[in-house]
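Residue-level listing of the chains:
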Amino acid sequence: MILQLNYLQGKPAASTTQEVVDTLYSLLEEGRLEQEQFARMRVHLDWIQYRKNFRECVMTTKVKRDPYGQPSPLEMYIDLRQLTPATLRAEILRAMTGEDSPAPGHDRVFLEDLRSFRESITWKFNNLYWHRLADWEEFTGRGYEQALPGGKSDANHPAAVADCVADFWTLLRDLESRKQLPEEIFVLEIGVGMGKRAGLWMDRFRALDEERGTKYYQRLKFLLGDYSLATLDRSRPAVKNHLNVCSFIVLDALNPMKSLAFLRHKILHIHLTNVYDNLPDEEFARRDGRLYSIQVRAYLPALQAHRISEEFQIPPADIPKTVDRLLEGGPDYLVDRKRGVAFWQEIWRALRLEERLVHLEDLPDIVLPIGLHQEQLEEVLEEAPSDVRFHMSSGALESFQNTVPLLHPRGFLQVQDIFVTNFDEYRIGFHGPGKLDGSIVNWVNGALLREVGERAGYDLHFAPFHYRQGSRTSVLYSTQRE
Amino acid sequence: MALPLLPTTVVGSYSMPGWLERLKTEFYARRISRRDLDEIHDTAVKAAIKDQELAGVDVISDGELRRDNMIDYFAERLPGVQIDHTSKKFHYDFYDSKVLGKLPMGPLGLVDDVKFLRANTDRETRFCVTGPHSLAKRIRNEYYPSEQDFALDLARVMNPELRAIAKAGANIIQIDEPNYSGFPDDLPWAVKALNALIEGVDAKMAVHICYGNRYGKPSWEGSYRYLLPGILEAKVQQLTLEFARRGGEDLEIFRELPPRFEVGIGVIDVKTQAVETPDQVAERIRKALEVIPAERLFILPDCGLLHLSRDVAFAKLTAMVEGTRVVRKELKH
């Protein structure tokens, strides 16, 4: 058995680790765990920093039957944060048998078939959250920024914004000295949210421009991009002093080129904060030198499904259908909106993901994110730990690849987000998916992004966000690759 | 073979297949031999020639598939240029190269490439050489008092090779100078170096000036206005320029270009995988014809096709040829 201790916290975690080992041995001795199973086991102990996530406190990951009859790993993930010693044994047994409840008729309620995480129904919940944010916020009584760690976004840190403006002003000055400054100075922010950062940025840019007398502000065209007009409307008050230089553009963060193709090679600065960590993602794992895709299946644990069924008077068998309708039509579908939002939030709170490893040879049609070639992935993995579970960050890679063609040849991209910049980091912590209010959060695979960036002609640099102590955010800067 | 009206041609490079990239990397990792790589290059070049012929291009190149990039292929051949062979990660990266003393004279070994091209096609040929301005901008100068002096000496060393290339049968020799657009103030001395390079070369001489195509993206933006009047001093017969991606606004600038200049207009955007239709190509040619007479017009892509996938590159060339045929027919009536 391989016991992998990831990011653990303090003495309680250490003692629980001991109890996990003791429990597994006792199950072996009692014959409830076979020797061969025990030998193939990899037990991962985590301290998941996202209090709300998609895992039960003990989860086993099955492996699709190996066509070559090779022994397959048996994975067990234990979240020491959720686990209590009193229930440890029962939880391990539950996870190993797949039986949720001793009561007959109380089974897991599956909401989909096994599939890649990026195709999972969970992303429909994520979309619903952003499209019906006002309903969600009204029901919970708090804005989404309050759900962020620290209760506010690093995007709006005045010193960070001032430094970004200073860098941009320097770029404009340099271009002007070379007689290459375009007539119109385009700046794009993708995922503007409440527009606070955009407002701060333009305030600062105008002030600096006036102070230096460079008259750049009057040439500025600031594009605020987000997924819907409703969201963009929420950003208007924050930029009310700059409306004459602002344009509000509905765009898909996965493919900004679709809406902005007319600005190809024209935008001098593009900024995104906390967008990449919320784009569709999928996970892979390398075990014993073999690469596996991790497929998922969303479900409601038996007890929660039963509770929801009683509370909303919906038979358990009808829950999947009701969820589909919720995701298609929004919370109004359930007669009154308030009840619909309550149902939505209960389902989301209970939602878990079952996992299965599928060897890549069994997925000949697997599509890597655009911009990432098979040989690049192999090259990166050569440097990575031999046993590693990692995010592909497909959405982030796709977004990057479909954003950089908008950049002016001398323009730069800046992304504030949570990045894993080295594959080793995957061994020492949990990087998602977690639940952040009604949305999904995943750390972004910066190492793969760096590879894709190089092939697209950009060197990508990651710097810690030093403006707030304890921040987990990093800042990605792009520079031209000569 | 007489060329038709509105001859179609290429700017130089053809699509670099993924498998060729991987094999080049294998070579750098010493997993395949020089001899094997040469054979692979020969095969790839023959395929590139065939594709251009099948697409119906009138004046073709060797696809430049032997080249890592537009600088290193020459830097490695120039006597006196020192190369740090450990300095690049991918074959298309630039080496860290420098000059520490006066460049000695010596052959560059490009003539064999021309002979290979001539031996494998009966079409007219175009052979491309990176110009002294672009080379001087990339190779670190630690000897000459100025970039201008360095570029002029590069021209001196490379001139005999160009004469030999012409003798070997290249119909058009194109000098690639994308860096003009990034450093417009250099134009007066850059043109002097260009003239020194091509002096006495017995072939039709062209200069290709675009806005860069590194990694399939531009390196600069701006207007071709900077080219005038400086470029009129160039002793070339043809200017080849990027218009498809940038739109035709700059075309007007060339209305007063002296008749001694032909213009190769880019009608294929090489920085997108989206394939133009023949109608789009025809429209771009018609727009150019409003400014430049048909007798002085060559039709080509904006730049090399290096960063496009092979099927896209082939489809784009085919669209270019078909669009040109449409306009030729219109001109006959």
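Residues numbered from 1 in each chain as written. Chains lettered and ligands numbered in written order. Predicted model: local features only at pLDDT ≥ 70, side-chain atom pairs only at ≥ 80, totals over all residues. Heavy atoms only, no water.

**Quick word on the overall build of chain B**
Looking only at helices and strands, one finds 9 helices and 10 strands in chain B. A globule of 333 residues ought to have a C-alpha radius of gyration of about 20 Å, and chain B, at 19 Å, matches this closely. The dimensions of chain B, computed from C-alpha atoms along their principal axes, are 60 × 45 × 35 Å. Expressed as a percentage of the 333 residues in chain B, the buried residues total 60%. (Helix = DSSP H or I, 4+ residues; strand = E, 2+ residues; numbered from the N terminus. Rg over C-alpha atoms; globule rule 2.2 N^0.38 Å. Buried < 20%, exposed > 50% of the residue type's maximum accessible area, 1.4 Å probe, protein only.)

**Some details on the nonpolar core**
If you look at the biggest cluster of nonpolar residues, it comprises 106 residues, and the most contacted ones within it are I173(B), Y224(B) and L227(B). Ranked by residue count, the leading element in this core is helix 6 (residues 147-167) of chain B, at 9 residues. Discounting residues that sit within four places of it in the chain, Y224(B) has contacts with S181(B), I209(B), C210(B), Y211(B), L241(B), E242(B), F243(B), R246(B), D250(B), I253(B) and F254(B). L188(A), V275(A), V380(A) and V388(A) belong to the second largest nonpolar core, which has 59 residues in total. (Core = buried A, V, L, I, M, F, W, Y, C linked by side-chain atoms within 4.5 Å. Contact = heavy atoms within 4.5 Å.)

**A few points about the confidence of the model for chain B**
Of the residues in chain B, 100% reach a pLDDT of 70 or more, and the chain-wide mean stands at 95. With a pTM of 0.91, the predicted complex shows an ipTM of 0.89. (pLDDT = per-residue confidence, 0-100.)

**Brief notes about a negative patch on the surface**
A grouping of E378(A), E379(A), E382(A) and E383(A) is seen on the molecular surface, where their side chains present a negatively charged patch. Topologically, E378(A) is positioned in helix 13 (residues 374-383). (Patch = residues over 30% accessible without salt bridge, like charges linked within 9 Å, V, L, I, M, F, W, Y side chains within 5 Å. Areas by Shrake-Rupley, 256 points an atom, 1.4 Å probe, with all protein chains shown as cover. Salt bridge = Lys/Arg side-chain N within 4 Å of Asp/Glu carboxyl O. Lys, Arg positive; Asp, Glu negative; His and termini not counted. Charge placed at Lys NZ, Arg CZ, Asp CG, Glu CD.)

**Details of the sheet that holds strand 5 (residues 140-141) of chain B**
Residue and element names in this part refer to chain B. As summarised here, the arrangement of the 3 strands in space is 2-3-5, forming an open sheet in which the pairing is mixed. The open sheet has two free edges, formed respectively by strand 2 (81-84) and strand 5, since each of these has just one partner strand. Bridge analysis of strand 2 against strand 3 (residues 96-99) gives 4 bridges, and the strand direction is antiparallel. Counted as the bridge partner of Q82 is K98 from strand 3. (Pairing = 2+ DSSP bridges.)

**Concerning the pattern of salt bridges**
Evaluated as defined, the whole model comprises 60 salt bridges over all chains. E311(A) is paired through a salt bridge with R307(A); the nearest N and O atoms lie 3.8 Å apart. A residue pair is termed a helical-turn pair when its members lie 3 or 4 positions apart in one helix, as E311(A) and R307(A) do in helix 10 (residues 302-312) at 4 residues. One salt bridge connects R66(B) with D113(B), and the closest N-O pair in it is separated by 3.6 Å.

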